[in-house]
Amino acid sequence: MGEGIGSLLPFALMFVVIYFFMIAPQMKRAKKEKKFAAGLKKGDKIITKSGLHGKITELNDKDNSCVIETLAGKLKFDRSAISMEMSSKLNTPATNTK
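Residues numbered from 1 in each chain as written. Predicted model: local features only at pLDDT ≥ 70, side-chain atom pairs only at ≥ 80, totals over all residues. Heavy atoms only, no water.

Looking at the sheet that holds strand β2 (residues 53-60)
Piece 1. Taking strand neighbours across the sheet as the criterion, the four strands line up as β1-β2-β3-β4 in an open arrangement whose pairing is antiparallel. Each having just a single partner strand, β1 (45-47) and β4 (73-78) make up the two edges of the open sheet. Ignoring strand direction, the axes of neighbouring strands in this sheet form an average angle of 45 degrees.
Piece 2. With three bridges joining them, β1 and β2 adopt antiparallel strand pairing. Looking at β2, one finds that K45 is bridged to K55. (Pairing = 2+ DSSP bridges. Helix = DSSP H or I, 4+ residues; strand = E, 2+ residues; numbered from the N terminus. Axes fitted to C-alpha atoms, helices over the stretch in contact; angles between N-to-C directions.)

Right, dumping it as structure tokens:
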């Protein structure tokens, strides 16, 4: 009986390591992205995950989409298509480094 538990211990340890190094951070990131998408407002400058730059002109809560004004005109995108990292960098003020 002791051998059965001893042989399962490496698998249990491997699952715990995978959970804390892969699954938990991915869930935390998804939660942050969802909060970011919910916090978008009119006038925010954004960059989509495909690299399109624009400014939000309309938000639609029914289908979780937004209208983005670009140089080419107005386009409708899903909020999940907006890049959290790139948009955050775009909206943070630049610091002078001397």
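As for the pairing of strand β3 (residues 65-70)
Piece 1. When you tally the buried positions in β3, you get five out of six residues, the bulk of the element.
Piece 2. The pairing of β2 with β3 spans five bridges and is classified as antiparallel. Residue E58 lies in a different strand from β3, and its bridge partner there is V67.
Piece 3. Connecting β2 to the antiparallel partner β3 that follows it, the hairpin turn spans four residues, and N64 within it adopts a positive phi of roughly 55 degrees.
Piece 4. Sheet analysis places β3 next to β4, joined by six bridges and oriented antiparallel. Within the sheet, the bridge partner assigned to E69 lies in β4 and is K74.
Piece 5. The hairpin turn running from β3 into β4, its antiparallel successor, is two residues long. (Buried < 20%, exposed > 50% of the residue type's maximum accessible area, 1.4 Å probe, protein only.)

Some points on the side chain of S87
Piece 1. Looking at where S87 falls in the secondary structure, it is placed in helix α2 (residues 84-91).
Piece 2. On the accessibility criterion, S87 (1% relative accessible area) is buried.
Piece 3. Only 2.8 Å separates the side chain of S87 from the backbone oxygen of S83, close enough to count as a polar contact. (Polar contact = N/O pair within 3.5 Å; in protein donor to acceptor, adjacent residues only side chain to side chain.)

Brief notes about the pattern of salt bridges
Piece 1. This structure, assessed with the given rule, holds six salt bridges.
Piece 2. With a closest N to O distance of 2.8 Å, R79 and D61 form a salt bridge. In this pair, R79 is assigned in the loop between β4 and α2 and D61 in the loop between β2 and β3, connecting sequence segments 18 residues apart.
Piece 3. Look at R79 and you get buried, because its relative accessible area is 5%.
Piece 4. One salt bridge connects D63 with K76, and the closest N-O pair in it is separated by 3.2 Å. Of this pair, D63 sits in the loop between β2 and β3 while K76 sits in strand β4; the two residues are 13 residues apart in sequence, bridging distant segments of the chain.
Piece 5. In this structure K76 comes out as exposed when scored by relative accessible area, which is 56%.
Piece 6. The network of salt bridges with common partners includes R29, E33, K49 and E85. (Salt bridge = Lys/Arg side-chain N within 4 Å of Asp/Glu carboxyl O.)

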